[in-house]
Structures are given as structure tokens and as C-alpha cells.
Amino acid sequence: MIDTKQYVIKQIEERNIRFLRLWFTDIFGNLKNVAITPSDIEAAFEEGIGFDGSSIEGLASLQNSDMLVHPDPSTFQVLPWRPSDDGVARMFCDLLTPDGAPAAGDSRHILMETLKRAGAAGYSVNIGTAVEYFCFKSDEAPQPIHKGGYFDLAPLDNAADLRRETVLTLEKMGIPVEYSHHEAAPSQQEIDLRFCDALSAADAVVTARLVIKETAHAQGLHATFMPKPIEGQPGSAMHVHQSLFDEHGNAFADENDPDGMGLSAVAKSYIAGLLKYAPEYMLVTNQYVNSYKRLVPGFDAPLHISWGNRNRSAMVRVPRYKPGKPTSTRVEVRSVDSAANPYLAYAAMLGAGLKGIEEGLTLGAPVEKNLFNISRAELDDLGLKLLPQDLSQAIDAFEKSELMHEILGDHICDNLVAAKRAEWEAYRTHVSSWEIDRYLARL
């Protein structure tokens, strides 16, 4: 990683960088940027670049709209898809008020603060993310480019070269990829980003989304992270693998676990926190009306607040690929969708897990049954509760959550609730083509 402003300035000169894109996101995770020329880079480092924060959704009010972007030199990377003779580079930024305070709506800062709390408790955080998405012929309709399925090859999967180009571009930007393959639905892809520290992992997801879209656009296609674009097919998840490390190594691993699962007491309380507070952070990990059309029976997406060993039908699972390798011990949250803001999603999940450790929560028995093929009576016997089933339920649980206000702050919580209630009301009052087709002729 690049760690000095002087080194960045030298790179700009040696690599003929003509434009610098200063990146940040709104509270929903949408990428924003302002471009400057090299002549302004020193001023950007020292003083920041001013902009109207009220024009970025959820960032600032109109009466307190003056904001500054301060580039983080450790995130400097050249954009490989831009011409090399007039190079373009990017840096992620901190968002500050004119008096130097962090902007309350800066979601990247929220994650940094949550990581500081983890550090104060003696932990560092590693995250690996599996990003699913669709590639369609255009952005006007979800028209698949092929009929491939899970792990298919050409000719059923004609997107292999598209994924290859995407992976090569990501690696040129210093983002290592562990796997890439075709997913279950037609035109659905998956790219698994290798685990790293949580802040870099969130930056990598934001970067990967842009790279995926740019690569698809260059071939006349449209890539989308819409959670459920095709009715009757699986939706796109963002499976988040997470682990805590302390001075002794992986804090989640315990080869002497009396339950025989290889999990430490820390890991069990962390998982219990993820489960206890799942309804409260669901609005962050699944933030759109469309998100909840992915979380329905029959499409391998979790419906219940549950955990299991190896069990992909559970909301939280403990992968067992390498049982003899304690450093690989981790938990995977499978409810998150690919449209989530990774900064807030990681902060919310980490905060919930840390709260579970702080409270010393006890983890119940794992679910070993396939929850996708289980009767209502069996579910009742297991005592499993449903995750929020639509955006409205998620808003209600989030709004009442003391923990989410503690982690994300009142500003982000209030803005999320206001925006999402407006989205739900617009959806609730919309008369859809489904209703016209179903009712107009017969009623």
C-alpha cells in the first residue's frame, strides 16, 4: 500500500496522471467523485476540496452544506481502463466539515470508527466478500446474454471472457480475486474478493462494482447489482465472510472447542450477536424494496434468523472447507444483497457481533436441517424467527434500534429511515402491471 503523500505526487509525475478522481459514497453506497488536475493535489491533501454536501443524498442539510473532501493517499490507484498517455487515478476520501470534524453522513468514516472500537477491544477485522451480479443486453430490460447455470462453461456461459477481463482489471488495481464463476441464474456472475482488512474490503467492493460496470459497458452490455432482476430466478447476494484476529491469531478458532465445532467462545458470542440484532440491521444490508423479493422460498436465500455448520440454508454459516486450518475459521453472513452499502453493512454486522461478545451472549444449537425443505411444524419446533419480510418491517426494526443509532449515528439513521419510508410509500401506492393484468378485466 502507498502510505505517503510525497510518493503519490511522485507517481502522478512519473505515470503522467492528468486527472485525479476523488471518490466517496452517499449513504446508500452510490459512488460519487470530483476530478482535479495534478496542480491541485497538494492543496487537496492539505486543505481539502470544497463541495456542496446537501447535493449528496443523506450527507448534509442545506443550511450546513459546505463540505471538504480530503483524499486518502493510501488508496491511490491508476484506473487501467483509461488511456495511459493521459492517465487517470483515483483515491478514496474522508469527508470533513470546514472546522475539520468528520461529516456525520460519511459512511466510510462510520466503518473506520467501528473498527476503532474493535481495536480497543483487542481485535482486528478481516473480511472477504463474494459479489454476485447480472449482465444483461441493456439497462432497459433484464434480457440475459446466455442460459448458463452454476459453474457452467462455454457455450452455455459466454461471459467467461467478460469475467476474465474484470478480474485482470481488479488485480491491476491491487484487488486480489480468489474465484470467479457463473452463478445459478441465466447471466448471473460471481466474483469473490480475497479477504483483507475490513476497510480495504469495503473499498474493494465499491471499486469492483465500478470495474464490473465499466467492463460490461465496454462490450455493449449492462451489469447490475439489483438484488432480484428476474422473477422466478435466484437473486444476487453479497456473502460476507468475517473473522476477528487478536494477538494470538484467529480469535474465532479453538481446536479444543468442547462442542467439537472448532469455534471459540468469542466466535459463538459474535454469531449470537449477528443473530440477535439481525432484524435491526436488515435495513442496512438489504436496503431496497426489491431486496425482499430475493428473500423468498425456493431460491437459496435465507428466510430465518438461524446459523449452521456448513449449512447454506442458514442466515449465518460456518464454512468447513479447511477444518485443520484454524486461520481460515470464519463466519459467513448470507442474507446481505449485492446492492448494500459495504461500509455501513460491515459496520452494522461488526457492531452487532461485537455487542454479542460484550454481552456474553450464548449461542444456541446449530441448524443441521435444510431450511428450504422443512415443514412449518418443524420450524416451530426449532423456534426460528423470520427475518423482516419486506422493507417496511425492516424500517420499523431499524428505527427502534438503540444499537444501530449507537453504531451509525443519529444523522445516518434518521436519513435512512426518511428515504426508505418514502421509497416504501411510493412502492405501496404504485399500481403495478401485475395488478392490472390480474384485476382489470375480472373486476
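These numbers come from a predicted model, not from an experiment.

**Re the pattern of salt bridges**
Line of reasoning, step 1. Taken as a whole, this structure holds 18 salt bridges when the rule is applied.
Line of reasoning, step 2. Arg-108 is the salt-bridge partner of Asp-72, the closest N and O atoms lying 3.4 Å from each other. Within this pair, whereas Asp-72 is found in the loop between strand 4 (66-71) and strand 5 (77-78), its partner Arg-108 is found in helix 3 (residues 107-120), the two being separated by 36 residues in sequence.
Line of reasoning, step 3. With a relative accessible area of 4%, Arg-108 lands in the buried category.
Line of reasoning, step 4. Close ionic contact of Lys-420 with Glu-423 constitutes a salt bridge, the shortest N to O distance being 2.8 Å. A residue pair is termed a helical-turn pair when its members lie 3 or 4 positions apart in one helix, as Lys-420 and Glu-423 do in helix 12 (residues 402-429) at three residues.
Line of reasoning, step 5. When its relative accessible area of 2% is taken as the criterion, Lys-420 is described as buried.

**What about the packing of aromatic side chains?**
Line of reasoning, step 1. Taken as a whole, this structure holds seven aromatic pairs when the rule is applied.
Line of reasoning, step 2. For the ring pair Phe-252 and Tyr-270, a centre distance of 5.1 Å and an interplane angle of 55° mean the geometry is tilted. Within this pair, whereas Phe-252 is found in the loop between strand 12 (249-250) and helix 6 (265-276), its partner Tyr-270 is found in helix 6, the two being separated by 18 residues in sequence.
Line of reasoning, step 3. By relative accessible area, Tyr-270 is classed as buried at 1%.

**With respect to unusual backbone geometry**
For residues that are not glycine, phi is negative in most cases, and the peptide bond is trans in most cases.
Line of reasoning, step 1. Notably, Asn-16 is not glycine yet its phi reads approximately 55°, a positive angle.
Line of reasoning, step 2. Relative to the helices and strands, Asn-16 is located in the loop between helix 1 (5-14) and strand 1 (17-25).
Line of reasoning, step 3. Judged by its relative accessible area of 35%, Asn-16 falls in the partly exposed class.

**A few points about the layout of surface pockets**
Line of reasoning, step 1. When its volume is computed, the second largest pocket comes out at roughly 440 Å³.
Line of reasoning, step 2. What lines the second largest pocket is a set of 15 residues, among which Glu-231, Lys-293, Tyr-427, Ser-432 and Trp-434 lie closest to the centre.
Line of reasoning, step 3. Listing elements by their share of the lining of the second largest pocket, those giving two or more residues are helix 12 and helix 13 (433-439).
Line of reasoning, step 4. Its residues placed into classes, the lining of the second largest pocket shows five nonpolar, five polar and five charged.

**What about the environment of Ala-120?**
Line of reasoning, step 1. Along the chain, Ala-120 falls in helix 3.
Line of reasoning, step 2. Measuring from C-alpha to C-alpha, the distance between Ala-120 and Lys-228 comes to 39 Å, with 108 residues separating the pair along the chain.

**Considering helix 7 (residues 278-285)**
Line of reasoning, step 1. Counting buried positions along helix 7 gives six out of eight residues, so the element sits mostly inside the fold.
Line of reasoning, step 2. Buried residues along helix 7 sit in contact with helix 6, helix 8 (291-294), helix 9 (342-359), helix 11 (391-399) and helix 12.

**Thoughts on the packing of helix 5 (residues 198-218) against helix 9**
Line of reasoning, step 1. Packing of helix 5 against helix 9 leaves a shortest axis separation of 9 Å and a crossing angle of 145°. Like other packed secondary-structure pairs, helix 5 and helix 9 cross with a definite hand, here right-handed. In this structure, helix 5 uses Ala-198, Leu-199, Ala-201, Ala-202, Asp-203, Val-205, Val-206 and Arg-209 to contact helix 9, whose residues at the interface are Pro-342, Tyr-343 and Tyr-346.
Line of reasoning, step 2. Residue composition of the contact of helix 5 with helix 9, by class: nine nonpolar, no polar and two charged.

**Looking at the pairing of strand 6 (residues 87-96)**
The side chains of a regular strand alternate, first on one face of the sheet and then on the other.
Line of reasoning, step 1. With nine of 10 residues buried, strand 6 lies mostly within the body of the structure.
Line of reasoning, step 2. Strand direction decides the pairing type here: strand 1 and strand 6, joined by six bridges, are parallel. Counterpart to Ile-17 in the pairing with strand 6 is Gly-87.
Line of reasoning, step 3. Bridge count between strand 4 and strand 6: four bridges; the pairing is antiparallel. Across the sheet, residue Pro-71 finds its bridge partner in strand 6, namely Cys-93.

Cut-off values and rules
Residues numbered from 1 in each chain as written. Predicted model: local features only at pLDDT ≥ 70, side-chain atom pairs only at ≥ 80, totals over all residues. Heavy atoms only, no water. Salt bridge = Lys/Arg side-chain N within 4 Å of Asp/Glu carboxyl O. Helix = DSSP H or I, 4+ residues; strand = E, 2+ residues; numbered from the N terminus. Buried < 20%, exposed > 50% of the residue type's maximum accessible area, 1.4 Å probe, protein only. Phe/Tyr/Trp six-rings, centres within 6.5 Å; stacked < 30°, edge-to-face > 60°. 1 Å grid on protein atoms, 1.4 Å probe; cavity = no way out; pocket = protein on both sides within 12 Å on 5 of 7 lines; lining within 4 Å. Points joined across faces, edges and corners; volume = space filled by probe spheres on them. Nonpolar A, V, L, I, M, F, W, Y, C, P; charged D, E, K, R; others polar. Contact = heavy atoms within 4.5 Å. Axes fitted to C-alpha atoms, helices over the stretch in contact; angles between N-to-C directions. Left-handed = near helix turned anticlockwise from the far one by under 90°. Pairing = 2+ DSSP bridges.

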